[in-house]
Amino acid sequence: MPNGNRMINKSHIPENSTFFEKIVPALLIFMGVLTVVLILFAAGVLLGIVHF
């Protein structure tokens, strides 16, 4: 088979990786919460609740 059609069966993420099991999910949750806070802040400014 040509190189472009090969299926890759091996995962590039090592097993029991602290980075991918703890840090990445925590960062994703943090970024989600930060996004919601920024959206609420922007809505507050548009509605006149927050004086910016």
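It should be noted that the structure appears before, not after, this text.
Residues numbered from 1 in each chain as written. Predicted model: local features only at pLDDT ≥ 70, side-chain atom pairs only at ≥ 80, totals over all residues. Heavy atoms only, no water.

A. Broad picture of the overall build of the protein. Across its full length, the protein carries one helix and zero strands. Of all 52 residues assigned to the protein, the portion counted as buried reaches 4%. Carbon and sulfur atoms form 70% of the exposed surface of the protein, whose accessible area is close to 5,200 Å². (Helix = DSSP H or I, 4+ residues; strand = E, 2+ residues; numbered from the N terminus. Buried < 20%, exposed > 50% of the residue type's maximum accessible area, 1.4 Å probe, protein only. Areas by Shrake-Rupley, 256 points an atom, 1.4 Å probe, with all protein chains shown as cover.)

B. Molecular detail of the packing of aromatic side chains. A full pass over the atoms with the stated rule returns two aromatic pairs. Ring centres 5.1 Å apart and planes at 85° place the aromatic pair Phe19 and Phe20 in the edge-to-face group. (Phe/Tyr/Trp six-rings, centres within 6.5 Å; stacked < 30°, edge-to-face > 60°.)

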